[in-house]
Amino acid sequence: MDADFLLIQKIKKGNEQSMDQFVLKYYPKIYQYCLLHVRDHGYAEDLTQETFLRYYQHPQYQSTGKELQYLYVIARNLCIDTYRKPSAEPLSEENMPVVSVQDDDFITHVALRNALSELTAEERELILLRYVNEVPVVVMSQLYGISRFALHRKLKAILAKLRKHFGKEADGYETEI
């Protein structure tokens, strides 16, 4: 049996330790996803907590074997709701989440931010889910309602854009020296 299924069964029986284990397992991925969208640590924490609360309030989600997918769907809907509020800003280069970097990685970090700013919001989200949060392609394809092959093509196209950007940047850098 699946470990998540066993955790869910214990949670249904009121085992708080199992609930803590479940949250600890998925909290970082959901938090990172929310942070990408709202760019505010406190608000991302609130949305992440709300995601888990809504998940626990709806028992129909808890016995399907698709826990991570449902958590992402709930988080995505909550993030979309924030865009409907007047105070939310779309993700842009100026307000992308800040990542701490060491001095050695500064140039790479700046180049990556530059490249990511040229992608659409959906493309940035796909890259975050697949390569930062390491969400399986099957889960992502179900989340977006497309086949895994279509998702692979999208990811391949996005990576090609990034490679092209870094190729241009490297060419420009070499000619300036």
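These figures come from a predicted structure and were not determined experimentally. (Residues numbered from 1 in each chain as written. Predicted model: local features only at pLDDT ≥ 70, side-chain atom pairs only at ≥ 80, totals over all residues. Heavy atoms only, no water.)

A word on the pattern of salt bridges. Between side chains of opposite charge, pairing is possible as soon as their charged atoms come close. Counting across every chain of the model gives 4 salt bridges. Between Glu 125 and Arg 76 there is a salt bridge, and its shortest N-O distance comes to 3.8 Å. Taken together, the residues span a long stretch of sequence, with Glu 125 in helix α6 (residues 121-132) and Arg 76 in helix α4 (residues 67-84) at a distance of 49 residues. The salt bridge partner of Glu 122 is Lys 154, with a shortest N-O separation of 3.2 Å. One end of the pair, Glu 122, is in helix α6; the other, Lys 154, is in helix α8 (residues 148-176), with 32 residues separating them in the sequence. The class for Glu 122 is partly exposed, based on a relative accessible area of 37%. (Salt bridge = Lys/Arg side-chain N within 4 Å of Asp/Glu carboxyl O. Helix = DSSP H or I, 4+ residues; strand = E, 2+ residues; numbered from the N terminus. Buried < 20%, exposed > 50% of the residue type's maximum accessible area, 1.4 Å probe, protein only.)

Among the secondary structure elements, Asn 133 is positioned in the loop between α6 and α7 (137-144). A relative accessible area of 2% places Asn 133 in the buried class. A polar side-chain atom of Asn 133 sits 3.1 Å from a polar atom in the side chain of Tyr 72. Those residues in contact with Asn 133 that lie beyond four places of it in its chain are Lys 29, Gln 32, Tyr 33, Tyr 72 and Leu 128. (Polar contact = N/O pair within 3.5 Å; in protein donor to acceptor, adjacent residues only side chain to side chain. Contact = heavy atoms within 4.5 Å.)

Before going further, it helps to examine the nonpolar core. Ranked by internal contacts, the top residues of the largest apolar core, which has 41 residues, are Phe 22, Tyr 72 and Leu 129. Per-element accounting of this core gives the leading share, 9 residues, to helix α2 (residues 16-38). Other than its neighbours up to four places away in sequence, Tyr 72 contacts Lys 29, Ile 30, Tyr 33, Leu 129, Asn 133, Val 135 and Leu 143. (Core = buried A, V, L, I, M, F, W, Y, C linked by side-chain atoms within 4.5 Å.)

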